[in-house]
Amino acid sequence: MRQRLAVLAAAALLAVPAVRAQVLFRDVTADAGIGAQTPGRTMAWGDYNNDGYPDFLVGCSKLYKNLGPPDFRFELVPAGLSGAHGVWADIDNDGDLDIYCPSGGDNDHLWINQGPAAGYTFVEGTDFDGDGTADMVDGKQSIAITWGDFDADGLVDVYVGSYERHCTSSVCGDCQINTMWHNLGSGRFEDVTVNWGLDAAERGLVNGGAGQCLGGGGTCTDDSDCAPFGGWCKSGLCARGLNTVDYDNDGDADIFVSDYRLDENMLLENDGSGHFSNVARTAGIDGHCGDGVCGHTLGADWGDMDNDGDLDCYAANLAHWWGSFADGHDISYLWRSENAGVSFIDVRDQSGMRPFTPAFDPENDWEEASAGWADIDNDGDLDIYVTDFYPFRKHWSQLYRNDGDGDGNGVPDFVDVSDPGNGDCPAEPDPINVSVGPTCLKRWYSWTAVWADYDRDGDLDLLTSGSPIFYQCDTPPVPPECDGKDPANRDTWPQPSYIVLFRNETEGAGHWLEVRLVGQSGVNRAALGARLTAHVDLDGDGTAETRMLREVSGGEGYQSSQDWMVQHFGLGPADRVSRLEVRWPAAGAPVSSFSDVPADGLAVVYSDGADLLRGTDPAALGVYEPQVALYPHRDPEPVLDDARALFYRVADDVTIDVTRDDAARTVVIAIRH
């Protein structure tokens, strides 16, 4: 059916559904072919072979291929990769995903995907000039990365976080300046850390820019200045996690740096030309540094938790039980954005999340590592999973459902739904040396949380790490895993961190829409940094008053982790998105706007229709079959008369609807079964 589609006005409102879905996740790790005890801390989702089913990396040495329907099992691919952590991006805009792996020292790797002609294999790409030595190295202790087109030239750049080089019983934290690699095209990168203002922004935060000798001594420029004192030079902050995020809604890619060792966090504001300055202190997001001690932040994730049109931040912290008394260690922050990111307010203690009461008790340690926002029940607001990693039995990873602002305090009410109430989660503080059941989301020794709809059924599934057992070596009955461990030193106790895949089996969830972006004509191909806004009529009154915001991530959380690049919107009772807007991450790129996009399927959105010619083979575009394809049209003759040849062979039970909106200069092609 062809029809002219109206554009509806929108206003932000946090809707609260009358009936809530019953949240249920199930551990399917073994059934999915991954193995029940496969070690892993950091994971990254990415469709490396363009078949439409998200695959994932573990660290940067294991690549698991999603075999798709009917069973959606995973197969370990002998890809020849190596490295500590990995994050996906299409560095050469050839339509397939490449990988950067920070690994410390001069051991970083850039793995270039060779595409379908070579069976989606990877070759090392850090040797630009072909002389047999790596060019994309700087000797620093790299630990995390985030991708973004920071100068809006259509090519993704990579920002690399550096951590400490030494840590002894008395001295830790000799960190160096993070590095920005600018993508020059043709597989080449250059270090622009100084030129883009990033060196000055970070260096000025260490001893007034003079550097600091750790272990004794004064100022320093390098380790030689500290040698007489038996220490090392600290020139930079100690990064543990990175996020690319447009925190201030101005259309360019900024960077948030989660810093550890009680260093302050950085919020690096992009002025639009690729030059950065640190605004974390003025924005109130540096980490409660007023007492002279900042937070131990390991990882963060950004999302619009209240659907007000700007991005909020959950920063996961480590706060030792003794540090909360003696040194002012802070627990995790839930920063709500005020005035489009001009400032942030920590509202965690008003959110209903797990409280923290300082107590001089080792069991009162606070040790969160990362967080991941996702709409788990498709009700239209973002929920969050928070990981917990140190060996304290009272603390575990938790899934919080966003129930909206029920009490009117301006902060969403988050409810812990980690325990499904079916007996799989024993009552706290148990279990001790006892495994929880498959639907219990509590995990110990957990580091990462990343989301994808791996089975393409319309809800988001969780890939995380951890153990279903807490091993307590000082309390009978002591398990065999504690043999040889010191009962008085919990740091020696077993702390297994295994990959865990939780399939979402939530009943009664709402409608949904998943959106994949394809960048063309000056937009990076994977559209990293693009912003999507869905205007939705959640309450059925005919007005699309709810505004949902998503950004395509170039890496997030603890060290290097990554959600699936396909963006997921829960729509509640709405059977369509009234208006979908895409702001593309490139200089001068217009905002694409599409009206009445149908729910319960995948939409592929193109930044430009130039590549979509009559008779085009979709496989050549690296695009799998969508339910809806959206792209801008261009006069004088957009190709509308042969939609079947334009996209896919159409079966007898499939019809294609084509709608042209001249006002918005867009075309909607709906493939209906």
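This text goes with the structure placed above it.
In what follows, the accompanying structure is described. (Residues numbered from 1 in each chain as written. Predicted model: local features only at pLDDT ≥ 70, side-chain atom pairs only at ≥ 80, totals over all residues. Heavy atoms only, no water.)

### Comments concerning the overall build of the protein chain
The number of helices and strands found in the protein chain is four helices and 40 strands. Looking at the protein chain as a whole, 62% of its 673 residues are labelled buried. Residue pairs at least 24 apart in sequence account for 60% of intrachain contacts in the protein chain once pairs closer than 6 positions are excluded. Of the roughly 23800 Å² of accessible surface on the protein chain, a fraction of 49% belongs to carbon and sulfur atoms. (Helix = DSSP H or I, 4+ residues; strand = E, 2+ residues; numbered from the N terminus. Buried < 20%, exposed > 50% of the residue type's maximum accessible area, 1.4 Å probe, protein only. Contact = heavy atoms within 4.5 Å. Areas by Shrake-Rupley, 256 points an atom, 1.4 Å probe, with all protein chains shown as cover.)

### Some points on the sheet that holds strand E18 (residues 266-270)
Read across the open sheet, the four strands follow the order E16-E17-E18-E19; overall the sheet is antiparallel. Of all the strands in the sheet, just strand E16 (238-245) and strand E19 (276-278) have a single pairing partner and so form its edges. Geometrically, the sheet is characterised by an average inter-axis angle of 25° between neighbouring strands, direction not taken into account. Across three bridges, strand E17 (residues 254-260) lies against E18 in antiparallel orientation. Each bridged residue has a counterpart across the sheet, and for isoleucine 255 the counterpart in E18 is leucine 268. (Pairing = 2+ DSSP bridges. Axes fitted to C-alpha atoms, helices over the stretch in contact; angles between N-to-C directions.)

### A few points about the state of the cysteines
Under the criterion given, the structure shown has seven disulfides. The side chain of cysteine 175 participates in a disulfide bridge whose partner is cysteine 238; the two sulfur atoms lie 2.0 Å from each other. The chirality of the disulfide connecting cysteine 175 with cysteine 238 is right-handed, given an S-S dihedral of about 100°. One end of the pair, cysteine 175, is in the loop between strand E11 (157-162) and strand E12 (179-185); the other, cysteine 238, is in strand E16, with 63 residues separating them in the sequence. Grouping residues by exposure puts cysteine 175 and cysteine 238 together as buried. Linked covalently through their sulfurs, cysteine 425 and cysteine 440 form a disulfide whose S-S length is 1.9 Å. Handedness of the cysteine 425-cysteine 440 disulfide follows from its S-S torsion of about 110°: it is right-handed. Of this pair, cysteine 425 sits in the loop between strand E27 (414-416) and strand E28 (449-452) while cysteine 440 is found in the loop between E27 and E28, placing the two residues 15 residues apart along the sequence. The pair formed by cysteine 425 and cysteine 440 is uniform in burial state, with each residue classed as buried. (Disulfide = S-S within 2.5 Å.)

### Side note on the side chain of asparagine 66
Looking at where asparagine 66 falls in the secondary structure, it is placed in strand E4 (residues 62-66). Asparagine 66 sits in the buried class, given a relative accessible area of 0%. Within polar-contact distance, the side chain of asparagine 66 engages the backbone oxygen of tyrosine 454 at 3.0 Å. Filtering out sequence-adjacent residues up to four positions away, asparagine 66 remains in contact with Asp51, Tyr53, Pro54, Asp55, Phe72, Arg73, Phe74 and Tyr454. (Polar contact = N/O pair within 3.5 Å; in protein donor to acceptor, adjacent residues only side chain to side chain.)

### Examining the pairing of strand E7 (residues 98-101)
Judged by which residues are buried, E7 turns out to be covered on both faces: Asp98 and Tyr100 on one side and Ile99 and Cys101 on the other are all buried. Pairing of strand E6 (residues 87-89) with E7 involves three bridges; the strand directions are antiparallel. If you follow alanine 89 over to E7, its bridge partner there is aspartate 98. Two strands pair when backbone bridges link them, and E7 and strand E8 (residues 109-113) are joined in this way by three bridges, in the antiparallel orientation. Directly across from tyrosine 100, in E8, lies its bridge partner leucine 110.

### Observations regarding the nonpolar core
Judged by nonpolar contacts, the single largest core of 57 residues is most densely connected at Trp88, Ile99, Tyr100, Trp147, Val158, Phe189 and Leu517. Residues Ile143, Tyr163, Val192 and Ala239 belong to the second largest nonpolar core, which totals 30 residues. (Core = buried A, V, L, I, M, F, W, Y, C linked by side-chain atoms within 4.5 Å.)

### What to know about the environment of serine 521
Structurally, the position occupied by serine 521 is in the loop between strand E31 (511-518) and strand E32 (531-536). Linking serine 521 and alanine 589, residues 68 residues apart in sequence, is a C-alpha distance of 9.0 Å.

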